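Close look at the chain arrangement
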Amino acid sequence: MLRPYCTTAVLVGFILVIAASPSRAQGPAVRFPEAAQPVAPRSAPKEKQKHREGSRLEDVRGRFDFAGERMAFYPTGESESFRVLENLALERIWQATQDSNRKDEWIVSGTVTEYRGSNFLLVTKAVIRSQDAKNGLAP
């Protein structure tokens, strides 16, 4: 014959096993606070648009300045810049910038190249926009 305390312990153990089984544990759904809810990923902020190999810049206004040991072209009103590839046009631009201490505005045309995720510019035409044109005195 079983002793009464053994029967009670076995019965309590049996009830705990049944209560903990997955098929029986149907409690209320767990709700997370609003901040902990999984959120669909936002679209990534747009990176600056890279120009494709061989695309052309035609009569773009901007300025030339040094970026490290190379010259760079900074189009007016844009955040992008182009490191300029060495050629005779760049040599003449460099000479003109050395002769003047001011930051002249240029009108530039050229071909864009790509290398390791950066754009470079091969200048085919560069004209200094005169001070008179800037002040509205010349066409």
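Small disclaimer: the values here were computed from a predicted structure and weren't measured.

1. Here we look at the overall build of the protein chain
Check the secondary structure of the protein chain and you find three helices and five strands. Each helix and strand of the protein chain, placed in order from N terminus to C terminus, yields the pattern α-β-β-β-α-β-β-α. Within the span of the protein chain, comprising 139 residues, buried residues form 20% of the whole. With the model as given, the accessible surface of the protein chain reaches about 11,100 Å², and the carbon-plus-sulfur share is 57%.

2. A look at the sheet that holds strand β4 (residues 106-115)
Reading around the barrel, the five strands line up as β1-β2-β3-β5-β4 and close back on themselves, with mixed pairing between neighbours. Each neighbouring strand pair of the sheet contributes to a mean axis angle of 50°, computed without reference to strand direction. Inspection of the sheet shows β4 paired to strand β5 (residues 118-128) by 10 bridges, in the antiparallel sense. For Trp106, the partnering residue across the bridge sits in β5 and is Ile128.

3. Description of unusual backbone geometry
Phi at Asp59 takes a positive value of approximately 50°, unusual for a residue other than glycine. Within the secondary structure, Asp59 sits in strand β1 (residues 56-67). The backbone phi angle of Arg116 is positive, close to 50°, even though this residue is not glycine. Its place among the elements puts Arg116 in the loop between β4 and β5. Take Arg116: its relative accessible area is 74%, and that puts it in the exposed class.

4. Looking at the confidence of the model for the protein chain
Looking at the protein chain, the pLDDT average stands at 74 and 58% of residues meet or exceed 70. Of the regions scoring below 50 in pLDDT, residues 35-46 engages in one contact with residues more than four places distant in sequence or in other chains.

5. Section: the pairing of β5
Sheet topology places strand β3 (residues 82-84) next to β5; two bridges connect them, and they run parallel. Note on β5: the bridge partner recorded for Val84 is Leu121. Hairpin connection from β4 to β5: two residues lie between these consecutive antiparallel strands, with Arg116 at a positive phi of about 50°.

Cut-offs applied
The numbers attached to residues start from 1 for each chain and follow its sequence in the written order. Totals for whole chains, interfaces and linings use every residue, but because this is a predicted model, local features are given only for residues with pLDDT of at least 70 and side-chain atom pairs only at 80 or more, for both listing and counting. Each side-chain value is worked out from all heavy atoms of the structure, with water and hydrogens disregarded. What counts as a helix is a DSSP run of H or I of at least four residues, what counts as a strand is a run of E of at least two, and both are numbered from the N terminus. Only protein chains enter the area calculation, which uses a 1.4 Å probe; residues under 20% of their type maximum are buried, those over 50% are exposed, and those in between are partly exposed. In this description, accessible areas are obtained by the Shrake-Rupley approach with a 1.4 Å probe, and a residue is regarded as covered only by the protein chains that are shown. Note: two strands are recorded as paired if DSSP finds a minimum of 2 bridges between them. The convention used is that axes are lines fitted to C-alpha atoms, helices contributing only their stretch in contact, and that angles between N-to-C directions extend from 0 to 180 degrees. On a range of 0 to 100, pLDDT expresses the predictor's confidence in each residue. Should any heavy atoms of two residues lie within 4.5 Å, those residues are counted as being in contact.

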